[in-house]
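The primary structure of each chain is shown beneath.
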Protein chains: 2
Amino acid sequence: MSAGLTERRQAILKLVIQEFVETACPVASETLVRKYRLNVSPATVRNELAALEELGYLTHLHTSAGRVPTDAGYRFFVENLMERTTLPLAEQRTIRHQFYQVRGELDQWIQLAGAVLARTTQNASLVTPPRAAEPLRFRSMELIAIHDTMALAVLVFHGGIVKQQTVTLDAARSSEDLRRSAARLSDYLADQTLSGIEETLARPAEQQPLALTDFERGLVEMLVRAMQTFEEQSREQIHSDGLIEMLSQPEFIPSLVREDAERAVERLRRALEILKSGRGLGTLIPQVLASDGVQVIIGGENSADEMREYSVVLARYGVENAIAGVLGVIGPTRMAYPRSISTVRYISSLMSDLLAELYNVESRIPEGEALE
Amino acid sequence: MSAGLTERRQAILKLVIQEFVETACPVASETLVRKYRLNVSPATVRNELAALEELGYLTHLHTSAGRVPTDAGYRFFVENLMERTTLPLAEQRTIRHQFYQVRGELDQWIQLAGAVLARTTQNASLVTPPRAAEPLRFRSMELIAIHDTMALAVLVFHGGIVKQQTVTLDAARSSEDLRRSAARLSDYLADQTLSGIEETLARPAEQQPLALTDFERGLVEMLVRAMQTFEEQSREQIHSDGLIEMLSQPEFIPSLVREDAERAVERLRRALEILKSGRGLGTLIPQVLASDGVQVIIGGENSADEMREYSVVLARYGVENAIAGVLGVIGPTRMAYPRSISTVRYISSLMSDLLAELYNVESRIPEGEALE
DNA sequence: ATTAGCACTCTCTCGTCAAGAGTGCTAAAG
DNA sequence: CTTTAGCACTCTTGACGAGAGAGTGCTAAT
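Residues numbered from 1 in each chain as written. Chains lettered and ligands numbered in written order. Predicted model: local features only at pLDDT ≥ 70, side-chain atom pairs only at ≥ 80, totals over all residues. Heavy atoms only, no water.

## Some words on the sheet that holds strand β5 (residues 138–147) of chain B
All names here are of chain B.
- Read from one edge to the other, the open sheet built from three strands follows the order β5-β6-β7, with strand pairing classed as antiparallel. Bordering the open sheet on either side are β5 and β7 (161–168), each of which pairs with just one other strand. Ignoring which end each strand starts from, the neighbouring axes of this sheet average 20° apart.
- Here β5 pairs with strand β6 (residues 150–157) via eight bridges, running antiparallel. (Pairing = 2+ DSSP bridges. Helix = DSSP H or I, 4+ residues; strand = E, 2+ residues; numbered from the N terminus. Axes fitted to C-alpha atoms, helices over the stretch in contact; angles between N-to-C directions.)

Put into structure tokens, the structure is as follows:
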């Protein structure tokens with residue numbers, strides 16, 4: 001019976017997927033013949049569909065409804081059937097322009113990347129802030145008086161990472177005082193990592209190259225705390241956007257998908273939880289960070305059951321050996337993979353370019369034209 | 001027939017609202033009698049319910065279903081029937097402790113306030129960053145070299161507001177160079193507002209007290225751009241959180257609310273749009289900024305039709321004559337108003353305390369115990 | 001003024017039924 | 001051996017209706 005995946009079956013599989021992605025309705029044999037002007041009869045197509053089903057690429061919800069791709073079907077499509085597309089140049093231009101307008105602000109890049117991914121793919125987007133390959137390394141500190149008993153500490157780390165923190169002063173201090181303390185600490189702890197700083201502090205007093213005042217000791221504590229929370233946060237933080245875009249997919253509109261409507265809402269809640277907590281994605285991120293190119297995870301392929309109905313398209317971005325993050329889109333398995341993939345590829349290369357510029361490394365990515 | 005709002009009717013109205021808020025089901029006369037051990041018969045209650053309906057405080061979905069409060073009913077409850085409660089001390093303590101742990105970071109306060117509001121009220125929360133009453137006033141600038149052709153500008157404004165921005169250098173510059181330029185500009189433009197800076201720059205060259213290099217001129221442009229975008233953003237930005245909490249309300253669970261299920265999803269989409277875009281809230285924020293105490297907007301009372309099914313509980317927070325923002329919760333009109341109001345009141349006073357501390361003003365708010 | 005009793009209304013839930021969609025199978029044709 | 005026409009079969013969907021249940025509104029008695 002099953003004579004393997006003949007050319008024609010592949011072509012039909014491709015059509016089924018295209019059609020299903022477009023319409024979100026199970027596709028019937030006759031629809032295919034009519035819409036794509038196939039030169040065979042519906043019966044022939046039915047035979048092929050049955051074969052594809054036996055091979056595991058399609059399913060039946062129930063006896064008499066059209067075919068729907070399985071995860072394996074999508075997988076085959078992505079691997080073998082899909083032509084590699086790039087985002088239209090006009091869209092690339094528009095996106096580049098938007099990034100140009102927020103040049104200089106990393107936070108804005110992240111936010112913009114999320115918004116653009118969501119808008120162009122009509123799905124939710126995920127962006128993790130770029131994380132340094134190496135642990136955070138202190139560079140210098142500035143103290144700026146806000147008023148008598150309060151100052152603002154600006155903590156600068158290697159790689160242009162800056163954190164600010166207000167500190168309460170035990171007593172009034174002059175600007176000059178603050179500047180001196182900041183300078184002393186900047187000198188004292190320059191280029192140290194968190195563990196280095198802790199080590200330095202742990203040394204017995206007589207081995208300390210510098211006698212710290214109580215005030216300065218307090219500052220160091222604040223610095224340590226800031227570095228800790230930063231490392232914790234950057235490890236986990238996932239920005240997401242485009243919930244609304246994803247929710248406009250028919251999967252979430254009970255009137256369109258002939259189904260319980262109960263389940264549509266349940267699905268929605270699950271989607272929310274995934275996006276908010278990043279649960280189900282936790283294991284994916286490091287995996288993507290360790291691999292090149294665009295990664296496509298279809299349904300529950302790689303992670304827990306809760307992701308069964310969703311696909312994720314992710315790519316790493318960043319600068320080799322320096323800093324890297326992950327960005328991508330998440331949506332129902334019925335996803336326009338070519339578009340998602342080309343968008344993710346483009347945005348990740350764009351973000352890489354921007355970061356490379358920041359890090360003064362010439363870009364290595366083919367699609368990366370200079371930013372304006 | 002309608003002998004006005006007698007004592008007993010008020011009591012019954014109160015019970016109806018309590019019951020409906022708790023169960024989300026239309027409340028029947030017999031239920032009231034049984035559950036609250038009223039010493040009258042269901043028939044009597046029915047008469048009173050009918051009167052309350054005629055007075056506009058209750059409605060009927062259809063002939064034979066229990067009563068449901070109208071907006072006017074909630075309004076009367078909030079104004080006259082509700083006892084003014086405060087958040088339990090244990091909860092206050094927990095919340096204070098959480099704020100203590102992120103002391104020194106304004107961004108974190110905002111985020112935490114949103115999370116706490118959402119969690120304790122089981123609704124979505126809204127927080128706008130505190131905005132200075134006066135326009136942004138420049139204080140000083142630091143330039144920190146990142147590498148040869150890139151530096152990080154740290155812009156400090158009055159009130160402890162800090163922005164960072166990377167700048168590309170036209171040519172390599174020494175640290176000393178950068179420091180001098182930053183110092184010159186800090187001196188030159190200190191204490192100026194955006195319009196002041198623009199005015200200063202507009203003066204003819206011979207009146208300029210200081211001849212700026214091209215590089216410095218570029219920095220000023222960057223500063224102006226940063227100040228502009230900051231003012232724009234802070235005018236509009238609304239942080240929201242707690243979507244998941246709100247979505248766990250029965251209104252959004254089609255199986256619980258006997259209703260189209262279609263509408264539950266539509267309602268949900270609307271909620272999302274309100275939260276994301278702040279549409280329907282736009283007019284509310286300035287209104288709340290201009291008034292004291294907790295403001296309750298029930299249903300479409302004050303704004304457009306899209307808010308008809310939602311209530312908002314908002315309060316201003318901040319420091320008199322210096323800085324102010326708005327925070328609160330949004331949820332279905334069937335809301336536990338006493339709890340929402342007391343939570344919003346507490347969080348706003350807490351945030352006010354924190355800001356007052358930052359601004360070195362002694363706190364004026366009664367509930368505001370010292371932070372730890 | 002309160003309340004018991006009861007009719008009335010409206011929703012909700014099944015079950016049935018007919019229509020429709022699409023498949024799977026069989027047998028004939030190329 | 002492949003393709004196809006024809007047809008029975010399955011399953012969903014929507015409509016209709018009846019019966020049960022919930023709660024009210026009214027009336028008349030207390």
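## Comments concerning the nonpolar core
- Judged by nonpolar contacts, the single largest core of 122 residues is most densely connected at A:Phe99, A:Tyr337, A:Met351, B:Phe99, B:Tyr337, B:Ile347 and B:Met351.
- Listed in part, the 44 residues of the second largest apolar core include A:Leu272, A:Met307, B:Phe252 and B:Ala271. (Core = buried A, V, L, I, M, F, W, Y, C linked by side-chain atoms within 4.5 Å. Buried < 20%, exposed > 50% of the residue type's maximum accessible area, 1.4 Å probe, protein only.)

## Observations concerning the sheet that holds strand β5 (residues 138–147) of chain A
Residue and element names in this part refer to chain A.
- The three strands are arranged β5-β6-β7 in an open sheet whose pairing can be described as antiparallel. Both edges of this open sheet fall to β5 and β7 (161–168), since each of them pairs with a single strand only. Adjacent strand axes in the sheet meet at a mean angle of 20°, parallel and antiparallel pairs treated alike.
- Helix α7 (residues 175–189) contacts β5 and β6 (150–157) of the sheet and is inclined by roughly 165° relative to β5. (Contact = heavy atoms within 4.5 Å.)

## Re the pattern of salt bridges
All names here are of chain A.
- If you walk through the whole model with that rule in mind, you get 36 salt bridges over all chains.
- Across the pair Arg-9 and Glu-48 runs a salt bridge, and its minimum N-O distance is 3.0 Å. Of this pair, Arg-9 sits in helix α1 (residues 7–23) while Glu-48 sits in helix α3 (residues 42–54), and the two are 39 residues apart along the sequence. No difference in accessibility class separates Arg-9 from Glu-48, as the two residues are buried. (Salt bridge = Lys/Arg side-chain N within 4 Å of Asp/Glu carboxyl O.)

## Observations regarding unusual backbone geometry
Residue and element names in this part refer to chain A.
- Positive phi outside glycine occurs at Ala-24, with the angle close to 65°.
- Residue placement: Ala-24 occurs in the loop between α1 and α2 (29–36).
- Classification of Ala-24 by relative accessible area gives partly exposed; the value is 23%.
- Unlike most non-glycine residues, Gln-122 shows phi in positive territory, near 55°.
- Tracing the backbone through its elements, the reader meets Gln-122 in the loop between α6 (106–121) and β3 (124–127).

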